[in-house]
Every structure is written in C-alpha cells, then in structure tokens.
Amino acid sequence: MIGRRPPMNGYSFENYIVAESNRFAKEACVQFVNNFGEKYNHLLICGATGTGKTHLLHAIKRSLEDGDLDMNIISITGEQFANEVIECLRSTSNAVSMNKIRKRYYAADLLIIDDIDWLQHLEATREELLHILEKVMNDNKKVVFSSTVGINELFLDYPKLKCLVELFTVVPIEKPDEILIDSIIKKNVIEGLSVSDDIKTYLREHSENSITRLKGMINTIKMWIDVYGKEPSLIELDNIFER
C-alpha cells in the first residue's frame with residue numbers, strides 16, 4: 001500500500017542508548033506510550049539529522065502494537081506522504097483516490113510522520129495534511145511527528161497548519177554528546193566488536209555528532225573485519241570515510 005512504512009523491528013526503547021543529550025526525548029516518548037489516550041495527545045520530536053528521532057518513532061509504534069495488536073497505526077515519512085498525495089493529484093480520478101487516502105488516515109488510531117518538515121513548501125500536500133490533521137485531532141486520535149527544524153520554523157507561511165502543530169507537545173532531542181558516543185561504542189564492543197583504542201578514538205573524532213553516521217561507521221568496520229579478518233588501519237578508514 002502506498003505510503004506505508006515497513007517496520008524496523010530493531011528499534012525499541014530497550015535498545016535506545018541514553019545520555020543527557022537525549023534523556024528527555026526518550027522519557028517523553030515512554031510517557032506518551034504509557035499514558036496513550038489519556039495525556040500528551042500529540043508529540044513533535046525535534047532534532048538534527050542523525051540524533052535518533054526515527055528510532056524513537058519506531059519504538060513508540062512497536063511498544064503500542066505489543067500492547068494492542070488491533071491498534072491501527074500508520075507510520076510513514078514526509079516524503080512518502082507527499083508522493084502519495086502527488087500521485088493521487090495526477091490520477092484521472094484524483095477526487096476518488098484522495099477520498100480513499102483520507103478515509104485510511106481518518107481510521108488510524110495513531111498517525112506517525114517522520115520528517116514532517118519535508119512538506120514545508122509543498123502547497124498541495126500540506127493542504128491535504130491540514131484536512132487530515134483537523135479530522136484526526138477532532139476525533140481525538142493521536143499524532144506524532146518528527147522534524148529537523150524546531151517548532152518556530154515549521155510552516156511559517158501556512159498559519160492554519162502551524163496553529164495545529166503548535167498544539168503538540170514539543171520534544172527536543174539534542175546532538176549526541178561524548179558520553180552518548182562512548183556508550184554506543186562500548187555497547188558494540190560488549191556485543192563482540194573487537195577493535196583497538198585507535199579505532200575507538202577515530203570513531204569518536206569522525207562521527208560528526210551523528211548517531212546515524214556512527215552506526216554506519218561501526219557497521220562498515222564490522223564488514224571489513226568479516227572480509228579481511230582484521231580491523232582497518234587509520235589510513236584505510238580515511239580512504240573509506242573521508243573521500
């Protein structure tokens with residue numbers, strides 16, 4: 001089905017590594033799940049790329065589905081939502097197609113959209129989002145968005161949509177600090193990653209405060225070790241990551 005996001009089963013609250021930079025974000029999402037339908041109606045998780053927003057979105061979905069298999073949760077990206085709407089608008093029967101899309105979203109108990117800021121300047125798409133949000137929120141359904149820009153920068157030139165989003169509980173997530181970077185490296189060492197202190201230092205210095213980049217670097221090193229039976233040299237790492 002267009003717009004559906006495949007599950008990412010590896011993401012949970014249990015394997016979300018916490019430090020001061022992301023502690024509030026994680027605990028806020030746990031509170032949202034534990035009080036679903038009672039408090040904290042809607043969440044807006046804000047943070048730079050690579051800070052773990054997507055992990056938290058999937059952890060929310062996973063936790064709620066584990067507790068209620070019949071819960072109807074739609075989880076997509078802003079880009080997927082935009083593509084779905086654009087495809088309908090191009091259809092010869094766009095009114096019928098759009099009505100089907102709306103009904104599907106209206107039926108959701110929880111709507112999750114990752115990178116909602118993707119829709120910032122797509123007029124037709126954000127107009128459709130406004131219709132869906134108004135209906136979903138009026139029906140007391142729940143919504144969770146993530147964004148790489150903060151609440152003050154979202155939909156500045158579209159006041160109706162901005163007004164709705166400002167009702168959300170804002171959950172900031174900061175760039176990872178040194179403690180979080182170290183914790184992720186230590187977790188991988190415990191799970192079997194055997195590398196020298198030089199490699200660990202390289203990871204700290206070249207992860208660019210991005211959890212996503214750090215995980216990608218670790219996975220690359222794991223693959224190198226599997227292929228060559230030894231860790232890469234620092235020069236080899238530069239050839240891989242600094243091109």
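Just so we're clear, the structure is a prediction, and the values are computed from it rather than from any experiment.

Quick word on the overall build of the protein chain
Helix and strand counts for the protein chain stand at 10 helices and five strands. Considering only contacts within the protein chain whose residues lie at least 6 apart along the sequence, 77% involve residues at least 24 apart. With an accessible surface of roughly 12,700 Å², the protein chain has 49% of that area assigned to carbon and sulfur atoms. Of the charged side chains in the protein chain, 29 are positive and 37 negative, and the gap between their average positions amounts to 4 Å.

Things to note about the environment of Thr-77
Tracing the sequence through the fold places Thr-77 in strand β2 (residues 73-77). Thr-77 sits in the buried class, given a relative accessible area of 15%.

Quick notes on the nonpolar core
Side chains of nonpolar character tend, in soluble globular proteins, to be buried together. Of all hydrophobic cores here, the largest spans 33 residues; its most connected members are Leu-44, Phe-81, Ile-116, Leu-129, Phe-145 and Phe-155. When residues of this core are traced back to their parent elements, those giving at least two are β1 (42-46), β2, α3 (78-90), α4 (94-106), β3 (110-114), α5 (123-138), β4 (142-147) and α6 (159-165). When residues of this core are assigned to their parent elements, the largest contribution, six residues, is made by α5. If we ignore the near neighbours within four places in the chain, the residues touching Leu-129 are Phe-81, Ile-113, Ile-116, Leu-119, Phe-145, Phe-155 and Leu-161. Judged by nonpolar contacts, the second largest core, of 22 residues, contains Ala-28, Leu-57, Met-71 and Val-171.

Digging into the packing of aromatic side chains
This model, assessed by the stated rule, comprises four aromatic pairs. Aromatic side chains Phe-32 and Phe-36 sit 5.6 Å apart centroid to centroid with 85° between the ring planes, which places their arrangement in the edge-to-face category. Classification of Phe-32 as buried rests on a relative accessible area of 1%. Geometrically, the ring pair formed by Phe-145 and Phe-168 is stacked, given 5.2 Å between the ring centres and 25° between the ring planes. Here Phe-145 is found in strand β4, whereas its partner Phe-168 is found in the loop between α6 and β5 (169-172), with 23 residues between them in sequence. Taking the relative accessible area as the measure of exposure, Phe-145 reaches 0% and is therefore buried. Positioned above the aromatic ring of Tyr-105 is the side chain of Arg-104, whose terminal nitrogen or guanidinium carbon lies 4.8 Å from the ring centre. Over the ring of Tyr-106 we find Lys-135, and its NZ or CZ is 5.9 Å from the ring centre.

Description of the sheet that holds β5
Pairing is parallel across the open sheet formed by five strands, whose spatial order is β2-β3-β4-β1-β5. Both edges of this open sheet fall to β2 and β5, since each of them pairs with a single strand only. Taken over all neighbouring pairs, the strand axes of this sheet differ in orientation by 15° on average, direction set aside. Where β1 lies against β5, four bridges are found, and the strand directions are parallel. Paired with Cys-46 across the bridge in β5 is Pro-172.

Focus: the pattern of salt bridges
All told, the structure shown has 12 salt bridges when counted by the stated rule. Linking Lys-135 and Asp-139 is a salt bridge whose minimum nitrogen-to-oxygen distance equals 3.2 Å. Residue Glu-166 pairs with Lys-162 through a salt bridge whose shortest N-O separation is 3.5 Å. A relative accessible area of 45% places Glu-166 in the partly exposed class. Through salt bridges with shared partners, a single ionic network connects Glu-208, Arg-213 and Glu-242.

Conventions used here
- Position numbers for residues count from 1 along each chain, tracking the sequence in the order it is written.
- This being a predicted model, a pLDDT of at least 70 is required before a residue's local features are given, and a value of 80 or more before pairs of side-chain atoms are given or counted; all residues contribute to the totals for chains, interfaces and linings.
- Excluding hydrogens and water, the side-chain values take into account all heavy atoms of the structure.
- In this text, helices come from DSSP runs of H or I with a minimum length of four residues, and strands from runs of E with a minimum of two, each type numbered from the N-terminal end.
- Only heavy atoms enter the contact rule, under which two residues are in contact if any of them lie within 4.5 Å.
- To be clear on the numbers: accessible area is Shrake-Rupley with a 1.4 Å probe, and residue cover counts the displayed protein chains and nothing else.
- Charge counting treats Lys and Arg as positive and Asp and Glu as negative, with His and both chain ends excluded.
- Note on charges: their place is set at NZ of Lys, CZ of Arg, CG of Asp or CD of Glu.
- Only protein chains enter the area calculation, which uses a 1.4 Å probe; residues under 20% of their type maximum are buried, those over 50% are exposed, and those in between are partly exposed.
- As used here, the term nonpolar core means buried Ala, Val, Leu, Ile, Met, Phe, Trp, Tyr and Cys residues forming a set that is joined through side-chain atoms within 4.5 Å.
- A pair of Phe, Tyr and Trp rings is counted when the ring centres sit within 6.5 Å of each other, with Trp represented by its six-membered ring. The angle between the planes then sorts it: under 30 degrees is stacked, over 60 is edge-to-face, the rest tilted.
- Our definition puts a charge over a ring when NZ of Lys or CZ of Arg is within 6 Å of the ring centre and also within 35 degrees of the ring normal.
- When DSSP finds two or more bridges between two strands, those strands count as paired.
- In this analysis, axes come from line fits to C-alpha atoms, helices being fitted only over the stretch in contact, and the angle between any two N-to-C directions falls in the range 0 to 180 degrees.
- Salt bridges are defined as contacts in which a side-chain nitrogen from Lys or Arg sits within 4 Å of a carboxyl oxygen from Asp or Glu.

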